[in-house]
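The primary structure of each chain is shown beneath.
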Amino acid sequence: LSTVIARVTSIVPGEATTYEDARDDLRAELAEQSAGEEIFAISENVQDALAGGEDLAVIGEQLNIPVVTVPAIDRNGLTPDGTEETGLTAIPGLVNAAFDLAEGEDTGFQDTPDGDFYVARADSITPAHIRPFEEVREQVLDDWRQEQIAERRSAMADEAAQQINSGVSLAN
């Protein structure tokens, strides 16, 4: 408990808001509330169907929810050919949640900080392995070339800096 002393310096009379002024705000608030109730009902239906052993594709079809199937990704969201699976990596937490699953398990109905929802299932798990050299040869060569170029540029910059520091003009 505490004591507070306040001094009132002016009083501003309240204003009555007309229905016309509040209509758009009320409509938006009711729409948001209705959407929240609909999402809750969908989540209940999804969870019930998952608990009953229903397949995600069937659940998606029944509830008119898109189901995305991704053949394979690594923990960084990359497909076997090295391209990023942007649909999944754009959803915060989804890839990490998927990698916490055992084969055949699903995450259940999850929400994201952005207000989106998802269910992820691991249909199969491919053990980590080293790709054969012939499969990665071109990428290795390209990476090596880029590294060599970067090293040469760095050496040239170091040499130029030494010349400048020793008073040699680079104009020659």
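Here is a short report on the structure shown in this document. Note that the coordinates shown come from a computational prediction; the quantities given were computed from them, not determined experimentally. (Residues numbered from 1 in each chain as written. Predicted model: local features only at pLDDT ≥ 70, side-chain atom pairs only at ≥ 80, totals over all residues. Heavy atoms only, no water.)

**Examining the layout of surface pockets**
There is about 1,500 Å³ of room inside the largest pocket. What lines the largest pocket is a set of 46 residues, among which Val 70, Ile 73, Leu 88, Ala 98 and Arg 121 lie closest to the centre. Elements that contribute at least two residues to the lining of the largest pocket include exactly helix H2 (56-63), helix H3 (86-89), helix H4 (94-99) and strand S2 (117-118). In the lining of the largest pocket, the residues fall into 30 nonpolar, eight polar and eight charged. (1 Å grid on protein atoms, 1.4 Å probe; cavity = no way out; pocket = protein on both sides within 12 Å on 5 of 7 lines; lining within 4 Å. Points joined across faces, edges and corners; volume = space filled by probe spheres on them. Helix = DSSP H or I, 4+ residues; strand = E, 2+ residues; numbered from the N terminus. Nonpolar A, V, L, I, M, F, W, Y, C, P; charged D, E, K, R; others polar.)

**A short note on the pattern of salt bridges**
For the coordinates displayed, the defined rule picks out five salt bridges. The salt bridge partner of Glu 20 is Arg 23, with a shortest N-O separation of 2.6 Å. Of the two residues, Glu 20 and Arg 23 are both situated in helix H1 (residues 19-51); the distance of three residues between them amounts to about one turn of the helix. Here Arg 137 and Glu 138 are joined by a salt bridge, their closest N and O atoms 3.7 Å apart. On the accessibility criterion, Arg 137 (35% relative accessible area) is partly exposed. Residue classification places Glu 138 among the exposed residues on the basis of a relative accessible area of 54%. Counted as one network, the salt bridges with shared partners bring together Asp 55, Arg 121 and Asp 123. (Salt bridge = Lys/Arg side-chain N within 4 Å of Asp/Glu carboxyl O. Buried < 20%, exposed > 50% of the residue type's maximum accessible area, 1.4 Å probe, protein only.)

**Examining the packing of aromatic side chains**
The full count for this structure, using the stated rule, is one aromatic pair. Ring geometry for Phe 109 against Phe 117: centres 5.3 Å apart, planes inclined by 20°, an arrangement best described as stacked. Phe 117 gets classed as partly exposed once you look at its relative accessible area, which sits at 35%. (Phe/Tyr/Trp six-rings, centres within 6.5 Å; stacked < 30°, edge-to-face > 60°.)

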